[in-house]
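Listed below are the residues making up each chain.
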Amino acid sequence: MDNYPTSWAPRQALVVSAWAVTALLLVGVVADALTGDRGGLVLFALATLAAGAFAAHSTLVRPRLAAGTEGLVARTLGGTHRLPWAQTRTRLRTTRRLGRDGVTLEIEHDDQLYVFGWLDLGEDPRDVLDVLSTLRARS
């Protein structure tokens, strides 16, 4: 991945915060286990698992997307996927939910679809698409 001049991943501060929240929730799990509060224990345990899963995913799968003159590299829990420009299509998808517009970057390669939001990329998908379009034009 060192050959790729541009890469995107979740913001470092967000990942560190997720680990801190996971640690605090784990303290809640231990406290509820010691006091015998079964309901609180279940809720704290589920919240700890959710926050921990997000933190682990954001830590292990970095960078989520990298781009260069040859194409893209997308990292998922399933591994690293190399996507040449010639066989890849990129576009933005905007959806409206609860009065807010959500923008995602969709990358289509063969029969695979990779969807990245601002949490995955660490910045606005529109800005990422601008950079990808420039890199694609250079190749």
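Since the structure is predicted, the reported quantities are computational estimates derived from the model, not experimental observations. (Residues numbered from 1 in each chain as written. Predicted model: local features only at pLDDT ≥ 70, side-chain atom pairs only at ≥ 80, totals over all residues. Heavy atoms only, no water.)

Student: Looking at this structure, how should I read the environment of T95?
Tutor: In this structure, T95 sits in strand β5 (residues 88-97). By relative accessible area, T95 is classed as partly exposed at 28%. Here T95 is in contact with R100, D101 and G102, once residues within four sequence places are set aside. (Helix = DSSP H or I, 4+ residues; strand = E, 2+ residues; numbered from the N terminus. Buried < 20%, exposed > 50% of the residue type's maximum accessible area, 1.4 Å probe, protein only. Contact = heavy atoms within 4.5 Å.)

Student: Got a minute to help me understand helix α2 (residues 38-60) in this structure?
Tutor: Note on helix geometry: an α-helix contains 3.6 residues per turn, so any two residues three or four positions apart are oriented the same way. The end-to-end C-alpha distance of α2, which contains 23 residues, comes to 32 Å, matching closely the 33 Å that a straight helix rising 1.5 Å per residue would cover. All buried positions along α2 are accounted for by G40, T48, A51, G52, A55 and S58. Looking at the packing, one finds that the buried side of α2 touches α1 (12-35). A distance of 3.5 Å separates the backbone nitrogen of G39 from a side-chain oxygen at the start of α2, and that oxygen is part of D37. (Expected span 1.5 Å × (residues − 1). Polar contact = N/O pair within 3.5 Å; in protein donor to acceptor, adjacent residues only side chain to side chain.)

Student: Where do I start with a nonpolar patch on the surface in this structure?
Tutor: Taken together, the side chains of L14, F54, W118 and L119 define a hydrophobic patch exposed on the protein surface, amounting to about 370 Å² of accessible area. Mapped onto the secondary structure, W118 falls in helix α3 (residues 118-121). W118 gets classed as exposed once you look at its relative accessible area, which sits at 56%. (Patch = residues over 30% accessible without salt bridge, like charges linked within 9 Å, V, L, I, M, F, W, Y side chains within 5 Å. Areas by Shrake-Rupley, 256 points an atom, 1.4 Å probe, with all protein chains shown as cover. Salt bridge = Lys/Arg side-chain N within 4 Å of Asp/Glu carboxyl O.)

Student: Honestly, the pairing of strand β6 (residues 100-109) in this entry has me stumped. Any pointers?
Tutor: When a strand is regular, its side chains alternate between the sheet's two faces. Sheet topology note: the β5/β6 ladder contains 10 bridges and is antiparallel. In the sheet register, T90 faces β6, and the bridge partner there is I107. The turn joining β5 and β6, which pair antiparallel and follow one another in sequence, is formed by 2 residues; a positive phi near 50° is taken by L98. When β6 meets strand β7 (residues 112-116), the two strands line up antiparallel, connected through 5 bridges. Across the sheet, the residue bridging to E108 is L113, located in β7. The turn joining β6 and β7, which pair antiparallel and follow one another in sequence, is formed by 2 residues; a positive phi near 55° is taken by D110. (Pairing = 2+ DSSP bridges.)

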